[in-house]
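Letter by letter, the chains look like this.
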Amino acid sequence: MTTRAEPGDDQSDPGLSAIMSERRRLINLGYRLLGSLADAEDVVQETYARWYAMSAREQQAIESPGAWLVTVASRICLNLLGSARARRETYVGDWIPEPLPEPTEWITGRSGVGGIDPADRVTLDESVTMAFLVVLDSMTPAERVAFVLHDVFRYPFGEVAEIVGRTPAACRQLASSARRRIGTAQTPAGPSAGQAGIVRQFKTAWEAKDIDALISLLDPDATATADGGGLAVTHLHPIVGGEQIARAYAEIARVSGDRTKFLECTVNGLPGLVAQQDGNLATVFAFEIAGDRIRHIWAVRNPEKLRPWRIR
C-alpha cells in the first residue's frame, strides 16, 4: 500500500517509540469501526503482534509503518464485523454499542476516571456519539469501513480500496450510501449546555416519578432501547412512545426506590446519566435530543460493556 506519511511515522527508524505512538489513532479507528472499546483494544494488540512477528528487515522495508498498522487494523476490524453479524443472531435482546466513559462529570467537572493511559482514550467528536454509532452498526461491514476511513479519518478512496478489497469507485459508492444513512437517521443536535439542561430535568422528573414531567421532556415518538445481553434484567424490546417510556421509567423508579442514585456524566461526548444501585454501577444512559425533546434513550446494562466505567 503506497500512502502519504502519517503523524507518528518514522520512516528511517520504525522503532518502538514511533510504532507505539500510533496506538491512540488505532484505538480511535477500532472503536468507531466496532463500537466496542474492548474489541478495539484487542484489535490493536493483534495488529502490534503482527508487526513484531516480522523480521527487522521486513519492518524496515515498509515505507510507512503507521499506514501499515492502519491497514492491518482495518482489515482485522472488517473480518470481525462480518463475524459479529452472526453473533448478534444469538444475542439476548438489542445490541447497543459499548458506551464510552469520560474523565469528568459534566455537572461538576470533577475527575471521574482514573488509571487510564491518555494514549488509550478515544478522541471525542460527533463520530462517537451513541446516535452516530447506532447508525454505523446498521451498515454493512464494507460500508462502515469505507465511510469511517474516508469521511472520519480522511483516507483517499485509493487507499480505502486496498484495505476493503474493492475498487476506488465502489468504495466511493459505499461511503456515499453510508453518508445517506447518517443523514436520514440523525437529527441536528442542539448546544451541549442545552442538552445538559434537558437531561438534568429528565433526571429530576425521573427521581420524582413525575410522569407528566417526563412526558413533557420526551418526543411523542421517542424510543428507549436497553441492552442487558442476557446478563442483566431489562426490557428486551424497545419501548416506543413518549408516554409509554415515561410510565415504564416511573415504574422502574418506584421499584428501585432509594437504592438507585443517578450521576450526571458525559457519555460518548454528550450529557448522559449513570445509575448506581446500592453503590454499584448498574446502567449507563445515552440520549439523543432533538430541539428540546429527548428522541432516543439507550440504556446499557450488560456488565461486560460497563467494565471501563467501573474504575470511576
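This structure is a prediction, so every number in the text was calculated from the model and none was measured.

Some details on the overall build of the chain
Here's step 1: A tally of helices and strands in the chain yields 12 helices and 6 strands.
Here's step 2: Counting across all 312 residues of the chain, residues that qualify as buried make up 49%.
Here's step 3: At a minimum sequence separation of 6, the contacts of the chain that also span at least 24 residues come to 66%.
Here's step 4: When the accessible surface of the chain is split by element, carbon and sulfur atoms take 52% of a total near 14,400 Å².

Some remarks on the sheet that holds strand S4 (residues 270–277)
Here's step 1: The 6 strands lie next to each other as S2-S1-S6-S5-S4-S3, forming an open sheet whose pairing is mixed. Of all the strands in the sheet, the pair left with one neighbour each is strand S2 (239–240) and strand S3 (260–267).
Here's step 2: Bridge count between strand S1 (residues 218–227) and S2: 2 bridges; the pairing is antiparallel. Looking at the pairing, Thr223 lines up with Val240 of S2.
Here's step 3: Contacting S1, S2, S3, S4, strand S5 (280–290) and strand S6 (293–300), helix H12 (residues 242–256) crosses the sheet at an angle of about 50 degrees to S1.

Side note on the pairing of S1
Here's step 1: Of all 10 residues in S1, 7 are buried, a share of seventy percent or more.
Here's step 2: Of the strand pairs in this sheet, S1 and S6 are connected by 6 bridges, and their pairing is parallel. By the bridge assignment, Thr223 is partnered in S6 with His296.

Some words on the pattern of salt bridges
Here's step 1: According to the stated counting rule, one finds 12 salt bridges in the structure shown.
Here's step 2: Ionic pairing is found between Glu46 and Arg50, a salt bridge with its closest N-O pair at 2.9 Å. Of this pair, Glu46 and Arg50 both sit in helix H3 (residues 37–52), 4 residues apart, which is roughly one turn of that helix.
Here's step 3: Glu46 sits in the partly exposed class, given a relative accessible area of 34%.

Considerations on H12
Here's step 1: A rise of 1.5 Å per residue sets the reference length of H12, with its 15 residues, at 21 Å; its end C-alpha atoms lie 21 Å apart and thus fit the reference within 8%.
Here's step 2: For H12, the full list of buried residues reads Gly242, Ile245, Ala246, Tyr249, Ala250, Ala253 and Ser256. Looking down the long axis of H12, one finds its buried residues gathered within 130 degrees of arc, a one-sided arrangement. Seen from the buried face of H12, the exposed residues on the opposite side, beyond 90 degrees, are Arg254 and Val255.

Some details on the pairing of S4
Here's step 1: Pairing analysis gives 8 bridges linking S3 to S4, with the strands arranged antiparallel. Bridge assignment links Val267 to a residue of S4, and that residue is Leu270.
Here's step 2: Here S3 folds back onto S4, and the loop between the two strands holds 2 residues, one of which, Asn268, carries a positive phi near 50 degrees.
Here's step 3: With 5 bridges joining them, S4 and S5 adopt antiparallel strand pairing. When the sheet's bridge partners are listed, Ala275 is paired in S5 with Thr283.
Here's step 4: Hairpin remark: S4 followed by S5, antiparallel, with 2 residues in the connecting loop; positive phi at Asp278, about 55 degrees.

A closer look at the packing of aromatic side chains
Here's step 1: All chains considered together, the criterion is met by 9 aromatic pairs.
Here's step 2: Taken together, a centroid distance of 6.1 Å and an interplanar angle of 65 degrees make the contact between Phe202 and Tyr249 edge-to-face. Note that Phe202 is positioned in helix H10 (residues 192–207) and Tyr249 in helix H12, a separation of 47 residues in sequence.
Here's step 3: On the basis of relative accessible area, Phe202 is assigned to the buried category, the value being 1%.
Here's step 4: Ring plane angle 85 degrees and centroid distance 5.2 Å describe the contact between Trp206 and Phe285, whose orientation is recorded as edge-to-face. Note that Trp206 is positioned in helix H10 and Phe285 in strand S5, a separation of 79 residues in sequence. Side by side, Trp206 and Phe285 carry an identical accessibility label, which is buried.
Here's step 5: Feature note: the residues Phe202, Trp206, Tyr249, Phe262, Phe285 and Phe287 constitute an aromatic cluster, connected by ring pairs.

The rules we used
- Residues numbered from 1 in each chain as written.
- Predicted model: local features only at pLDDT ≥ 70, side-chain atom pairs only at ≥ 80, totals over all residues.
- Heavy atoms only, no water.
- Helix = DSSP H or I, 4+ residues; strand = E, 2+ residues; numbered from the N terminus.
- Buried < 20%, exposed > 50% of the residue type's maximum accessible area, 1.4 Å probe, protein only.
- Contact = heavy atoms within 4.5 Å.
- Areas by Shrake-Rupley, 256 points an atom, 1.4 Å probe, with all protein chains shown as cover.
- Pairing = 2+ DSSP bridges.
- Axes fitted to C-alpha atoms, helices over the stretch in contact; angles between N-to-C directions.
- Salt bridge = Lys/Arg side-chain N within 4 Å of Asp/Glu carboxyl O.
- Expected span 1.5 Å × (residues − 1).
- Arc of directions from axis to C-beta.
- Phe/Tyr/Trp six-rings, centres within 6.5 Å; stacked < 30°, edge-to-face > 60°.

Geometric descriptors of this kind do not, in isolation, establish any biological role.
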